[in-house]
Amino acid sequence: MQRRITQLTLYYKTKWFRATLLFLHQRTMTSIQEGKKSFAVDLNKYTNKKGEFLRPPSSFRDWISADGSTGFKAEIGRYHLYVSYACPWAHRTLITRKLKGLEDVISVDVVDHYLGSDGWRFNPEARDSTPDTVNDFKFLKQVYFLANPNYEGRVTVPVLFDKREQKIVSNESAEILRMLASAFNEFCPTPEAKALDLYPPALREKIDELNEWIYKDINNGVYRSGFATTQEAYDKAVRELFGALDRVEEILSHHRYLAGSCITEADIRLYTTLVRFDLVYVGHFKCNKKRIVDYPNMWGYLRDLYNTPGFGETTTILNITTREATFKS
């Protein structure tokens, strides 16, 4: 299937891309040699006896609805996103917000790409970072404590925050994606944005099935590989990861998108991992059996999506590579 050449292709051919890979390798080796901790959370808390990484569930799982029946009504200016441009989970929400034209409906603040010992921080002096324009906090953890003073879980992005009620609605990216894609249709600026359905009824069963194994083996699979603490756990994760990538390659040999002829949420969820794969996961997480550029259909698919409005313009290569070079998320 013919797909368009994009700026992403050109980036992969530049000296900057090669320099980025060298930087990632040197930074990783420095952390190993000096014994530095490069992650703000103790990963031992999230691995089992076999050394397998087990991602903990998100803590805030409320829901915004168009009619307010869930307790949170979709309204202009009421909700706010806290994101990191580097984080693949947060990137899902930025793409959806852009595709639905909700930039003037839901505001956004961006944390510093570097995750320090105090967690995500707001640092307007850092590239592409913003202050906390809602609460004027210095650290994202303060938003969590505002919502729940006794909170003891992980402080993660994205966060969908209710400015009126001073509550976190959700910090589960998959659910935020669906809320943005459906609950705010009344406020979409164009008929095309309003009509865009990323989870159409006729394809829901297929999308759910795709999401299930792509999340387990690819989205989270790269982290299961990178965070494995035993050889057995690493080998298992890598085997399942590349088995799933082979499966995607086969699907894309027959269809332009995962569920057929139209973009769905399954494509958004996969894209944010694929666009980081060769840049980061191949070297930093040792997912190096193959690269995405080695899969003809998947590489064309990635370039196609990158050149689709909402995808490439929310992809910040420099933030992705710099952040992932300094820690594992």
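**Focus: the overall build of the chain**
In terms of helices and strands, the chain carries 12 helices and six strands. Out of the 329 residues belonging to the chain, those deemed buried represent 56%. Across the chain, the fraction of contacts at a sequence separation of at least 24, relative to all contacts at a separation of at least 6, is 71%.

**Comments concerning the environment of T190**
Structurally, the position occupied by T190 is in the loop between α5 (173-182) and α6 (191-195). Of the polar contacts made by the side chain of T190, one reaches the backbone nitrogen of A193; its length is 3.0 Å.

**A few points about the pattern of salt bridges**
Scanning all chains against the criterion turns up 20 salt bridges. With its nearest N and O atoms 2.9 Å apart, the salt bridge here joins R178 to E265. Taken together, the positions of R178 in helix α5 and E265 in helix α10 (residues 265-284) put the pair 87 residues apart, joining distant regions of the chain. Owing to a relative accessible area of 2%, E265 belongs among the buried residues under this scheme. The residue E240 makes a salt bridge to R224 at a minimum N-O spacing of 2.6 Å. One end of the pair, E240, is in helix α9 (residues 231-252); the other, R224, is in helix α8 (residues 221-226), and 16 residues separate them in sequence.

**What to know about unusual backbone geometry**
Between V157 and the following residue, P158, the backbone shows a cis peptide bond with an omega angle of 5°. Here P158 lies in the loop between α4 (141-147) and β5 (159-162). A positive phi angle, close to 55°, is found at Q166, a residue other than glycine. For Q166, the location among the structural elements is in the loop between β5 and β6 (167-170).

**Some thoughts on the packing of helix α7 (residues 204-219) against α10**
Two elements in contact, α7 and α10, have axes whose closest approach is 9 Å; the angle formed by their N-to-C orientations is 10°. In terms of orientation, α7 and α10 fall into the roughly parallel class. Within the contact between the two elements, α7 uses I207, L210, N211, I214, Y215, I218 and N219 and α10 uses E265, A266, R269, L270 and T273. Here the contact of α7 with α10 is built from residues that sort into seven nonpolar, three polar and two charged.

**Let's talk about the environment of L305**
Tracing the backbone through its elements, the reader meets L305 in helix α11 (residues 296-306). Under the relative-accessibility criterion, L305 is labelled buried at 0%. In sequence terms L305 and Y271 are 34 residues apart; their C-alpha atoms lie 7.5 Å from each other. Each residue touching L305, except ones within four places of it in the same chain, is listed here: Y257, I263, D267, Y271, F311 and G312.

**What about the sheet that holds β5?**
Taken in spatial order, the four strands of this open sheet run β4-β3-β5-β6, and their pairing is mixed. Of all the strands in the sheet, just β4 (107-110) and β6 have a single pairing partner and so form its edges. Neighbour-to-neighbour, the strand axes of the sheet open up by a mean angle of 35°, direction not taken into account. Taken together, the four bridges between strand β3 (residues 79-83) and β5 define a ladder with antiparallel strand orientation. Following the sheet pairing, Y82 is matched in β5 by V159. Against the sheet, helix α3 (residues 88-99) contacts β3 and β4, and its axis sits at roughly 135° relative to β3. With respect to the sheet, α5 is in contact with β3, β5 and β6, its orientation differing from that of β6 by roughly 90°.

**Describing the nonpolar core**
One finds I64, L140, F184, I218, L245, L258 and F277 to be the most contacted residues of the largest nonpolar core, which totals 91 residues. Broken down by element, the residue count for this core peaks at 11 residues, all from α10. Those residues in contact with L245 that lie beyond four places of it in its chain are I218, L274, F277, I292, Y295 and M298.

**Side note on α10**
The end-to-end C-alpha distance of α10 is 27 Å, a good match for the 28 Å that 20 residues give at a rise of 1.5 Å each. The sharpest bend along α10 reaches about 75° and sits at F277. Counted residue by residue, α10 has 19 buried out of 20 residues, so it is predominantly covered.

**Looking at the side chain of S129**
Of note, S129 is situated in the loop between β4 and α4. Reaching out from S129, the side chain makes a polar contact with the backbone oxygen of V110 at a distance of 3.1 Å. Residues within four places of S129 in sequence aside, it is in contact with V110, V111, D112, F122, N123 and P124.

So, how was this worked out
Residues numbered from 1 in each chain as written. Predicted model: local features only at pLDDT ≥ 70, side-chain atom pairs only at ≥ 80, totals over all residues. Heavy atoms only, no water. Helix = DSSP H or I, 4+ residues; strand = E, 2+ residues; numbered from the N terminus. Buried < 20%, exposed > 50% of the residue type's maximum accessible area, 1.4 Å probe, protein only. Contact = heavy atoms within 4.5 Å. Polar contact = N/O pair within 3.5 Å; in protein donor to acceptor, adjacent residues only side chain to side chain. Salt bridge = Lys/Arg side-chain N within 4 Å of Asp/Glu carboxyl O. Axes fitted to C-alpha atoms, helices over the stretch in contact; angles between N-to-C directions. Parallel < 35°, antiparallel > 145°, perpendicular 65-115°, else oblique. Nonpolar A, V, L, I, M, F, W, Y, C, P; charged D, E, K, R; others polar. Pairing = 2+ DSSP bridges. Core = buried A, V, L, I, M, F, W, Y, C linked by side-chain atoms within 4.5 Å. Expected span 1.5 Å × (residues − 1). Bend = angle between axes of the 7 residues up to and from the residue.

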